[in-house]
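What follows is each chain in one-letter form.
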There are 2 protein chains.
Amino acid sequence: MSLPEQSTTEAVAVAPKGPQIILTGDRPTGPLHLGHYVGSLRNRVQYQHEFKQFIMLADSQALTDNMDDTNKVHRNVVEVALDYLAVGIDPAKSTILIQSQIPELAELTFYYLNMVTVARLERNPTVKTEIALRGFERDIPAGFLTYPASQAADISAFKATLVPVGEDQIPMIEQTNEIVRRFNRIADKEILVECKALVPDIGRLPGIDGKAKMSKSLGNTINLGASAAEITAAVKKVYTDPLHLRVEDPGHLEGNVAFIYLDAFDPEKDKLEEMKAHYVRGGLGDSIVKKRLELVLQEMLAPIRARREELAQDKGYIMQMLKEGTMRAREVAAQTADEVKAALGLSYF
Amino acid sequence: MSLPEQSTTEAVAVAPKGPQIILTGDRPTGPLHLGHYVGSLRNRVQYQHEFKQFIMLADSQALTDNMDDTNKVHRNVVEVALDYLAVGIDPAKSTILIQSQIPELAELTFYYLNMVTVARLERNPTVKTEIALRGFERDIPAGFLTYPASQAADISAFKATLVPVGEDQIPMIEQTNEIVRRFNRIADKEILVECKALVPDIGRLPGIDGKAKMSKSLGNTINLGASAAEITAAVKKVYTDPLHLRVEDPGHLEGNVAFIYLDAFDPEKDKLEEMKAHYVRGGLGDSIVKKRLELVLQEMLAPIRARREELAQDKGYIMQMLKEGTMRAREVAAQTADEVKAALGLSYF
């Protein structure tokens, strides 16, 4: 398996001193795809060697807009866990946990709801965008408006100092830090820890159709567990340069998904640069580019798929791994919840 | 101790068939007073013989608007527990629990937040009134807007069928039942139980100054643990009939706090009726009425005070009683939370 170079991140440079703790994760609403791989998974494989890393399967959070299909969330917890292990996340190095199995996260959310105003939640740009995106308008579930408090609970429960997020999620991190500061002021003690956003300097991977976002609901993904035939079919549909009609015409790289993917995944950078130059000056057909892309993706995904299929045979192992990770994580979260409750005068026995 | 007649309640008549479960409780923000006694405590002493009764010290909920004074809440948990036992609530018959020590209540709240919209919460008349009352305006803590979800969690966790509340709290019960129905629809199973408001037919006891509400913050209460001297002083200040200037003048009973209290507490109803008639036709001075009121209150509160002082000597016993009640209650709530989570697909191990 030829892993592409790891993306570096800007925010790492400005992260606080001392040992760092990462909280990251996914809403288990579908299998993970190349967009997840570029945006986060391959970074996690690197981070687990450098940091203490908690990876959360955010099943409770996924319910905020999947109350009509709770089975989907349940089912995808295992699917996403398989994706994690298949790409090289090591449960001995990273703690993989299931959010709903740690009641202390709900407890912290409950208390943090008193530390943020409704007006502040309504002003949160991420929440605003997501509400528009999901078409909630006036029928916003309360759990959706308040999910920044839940996110603050998840992050602070593990005393995470680094949270890998996209640019658009930075307001969530700011809101978490506001809650952390508010709580520490009430407690008159530095119990909770502020965190920093860890924003990858590589942008979001577009869908195979050229749309900005790769997403299951748009049907423009290549899943990490895709079969060889699925990869072939997807590469055929990859959006290139609509103006590049004849082989001899100069081609364009901007918005050309084939080259964006090659930039992200082709381990042979020099040959790629030559190919780009050739494409731009004319004389290189899309079929050659796509052939290269298919080769790169097939080579990259074949071992991931093989490992995924192997692991999928032993569901008992996956469940045991999830249970152990969740128990380890719960100890940490319970400790934080105890500290928070004690500071609020909620210890008695 | 001469207990006055128990108030009967309208809603009892229409309560569902079968064994009933009551959830009731108090926000521990101050010692309980005569208003609590009339409005709820003496009913609870009766209910514990007829129903399974959970009495919740709502410390988490009290924090929604006491984040600046968390010590007050902590301290008053024990004070209110003393009041409970002093008036005759029997921990062997009623389960007394501390809300914050049952994380499952926060968990249920968390899930119920997905089953109610922001618009619906904003329309809740009780929430609207309380927001105005507390002067929150735009700075409403999110936990305050969402507290109907928390209340639904408290009620449904114990599968309570009867909830003693004032008239003004009926919208909260309706909101609970909406959440219960919504959840059962999602679960496609009757897991949660709808409840009925149990509205006492005796109105709210006014403050000694004649204001509609007896409240610590208005300084117009008589606490259940009041000393004999405090009772004497309070009775002196009791509001009567401002038009009753001379003994021989006819007096008025409406709004006359002395008679309202006698109606509530004087066990000798016939003598009270004679006294009222005398007062109305003229010739009965306020001092005689107040003398009777003082006697009634002193006789009623002396044994409560004595028992309260005795119990206060043994804080270890109180804490043990609270711990045992909370543990018993937690088993019930945990069972419900398990059922709820399983129905939402959140069971794995």
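The model shown is predicted, which means the values in this text are computed figures rather than measured ones.

Rules behind the numbers
- Within each chain, residues carry numbers counting from 1 in the order of the written sequence.
- In the order they appear in the text, chains get letters beginning with A and ligands get numbers beginning with 1.
- pLDDT decides what is reported in this predicted model: residues at 70 or higher carry local features, side-chain atom pairs at 80 or more are listed and counted, and totals for whole chains, interfaces and linings draw on all residues regardless.
- Computation of side-chain values: all heavy atoms of the structure, hydrogens and water removed.
- Runs of E in the DSSP output that reach at least two residues are strands. Runs of H or I that reach at least four are helices, and both are numbered from the N terminus.
- Think of it in three bands: residues with accessible area under 20% of the maximum for their type are buried, residues over 50% are exposed, and the middle band is partly exposed, with areas taken using a 1.4 Å probe on protein chains only.
- Note on charges: Lys and Arg go in the positive column, Asp and Glu in the negative column, and His and the chain ends are not counted at all.
- Any carboxyl oxygen of Asp or Glu that lies within 4 Å of a side-chain nitrogen of Lys or Arg is treated as forming a salt bridge with it.
- Whenever two N or O atoms come within 3.5 Å, that pair is a polar contact, provided that in protein one can donate a hydrogen and the other can accept it, and provided that, for residues adjacent in sequence, both atoms are side-chain atoms.
- Any pair of residues with heavy atoms lying within 4.5 Å of one another is described as a contacting pair.
- Pairs were defined over the aromatic rings of Phe, Tyr and Trp, the Trp ring being its six-membered one, requiring ring centres within 6.5 Å. Orientation was assigned from the angle between planes: stacked under 30 degrees, edge-to-face over 60, tilted for the rest.
- The term buried area denotes the loss of accessible surface (1.4 Å probe radius) that occurs when two parts are joined, taken as the sum for both partners.
- Domain start and end points were adopted from an automatic or database domain assignment.

Engineer: Hey, could you go over the side chain of Arg305 of chain A for me, with residue numbers and the actual values?
Structural biologist: Residue and element names in this part refer to chain A. One can find Arg305 in helix α14 (residues 286-312). Buried and unpaired, Arg305 has no salt bridge, with Glu309 as the nearest side chain of opposite charge at 4.6 Å. Polar contacts involving the side chain of Arg305 include one to the main-chain carbonyl oxygen of Ala226, which spans 2.7 Å. Not counting residues up to four positions away in its chain, the partners in contact with Arg305 are Leu224, Gly225, Ala226, Ser227, Ala228, Ile231 and Gln298.

Engineer: Let's hear about the packing of aromatic side chains: which residues, and what values?
Structural biologist: Per the stated rule, a full pass over the model turns up 16 aromatic pairs over all chains. Note on Phe144 of chain A and Tyr147 of chain A: the rings are 5.2 Å apart at their centroids and 55° apart in plane angle, and the pair reads as tilted. In this structure Phe144 of chain A comes out as buried when scored by relative accessible area, which is 1%. Classification of Tyr147 of chain A as buried rests on a relative accessible area of 6%. Ring centres of Tyr348 of chain B and Phe349 of chain B lie 6.2 Å apart, and the angle between their planes is 50°; this geometry places the pair in the tilted category. On the basis of relative accessibility, which here comes to 12%, the residue Tyr348 of chain B falls in the buried class.

Engineer: Which residues make up the interface of chain A and chain B, and what values go with them?
Structural biologist: Facing the 50 residues of chain A at the interface are 50 residues of chain B. Counting each side, the surface lost to burial between chain A and chain B is near 4400 Å², with a carbon and sulfur contribution of 67%. Interface area lost by chain A to chain B is led by Met67, Tyr348 and Phe349 of chain A, which between them contribute 18%. For the pair chain A and chain B, the interface holds 0 salt bridges.

Engineer: Hey, could you go over the domain arrangement of chain A for me, with residue numbers and the actual values?
Structural biologist: Residues and elements named next belong to chain A. Taken domain by domain, chain A consists of domain 1 (10-205 + 315-343) and domain 2 (225-311). Each of domain 1 and domain 2 has a C-alpha centre, and the two are 33 Å apart. Opposite the 14 residues of domain 1 that make contact, domain 2 presents 11 residues. Of the roughly 1100 Å² buried at the junction of domain 1 and domain 2 (both faces included), carbon and sulfur atoms supply 70%. Considering only the side of domain 1, the residues that lose the most area to domain 2 are Leu34, Ala86 and Leu205, jointly responsible for 42% of the buried surface there. The interface formed by domain 1 and domain 2 contains 2 salt bridges. Note that Asp83 is salt-bridged to Arg308, the shortest N-O span being 2.6 Å.

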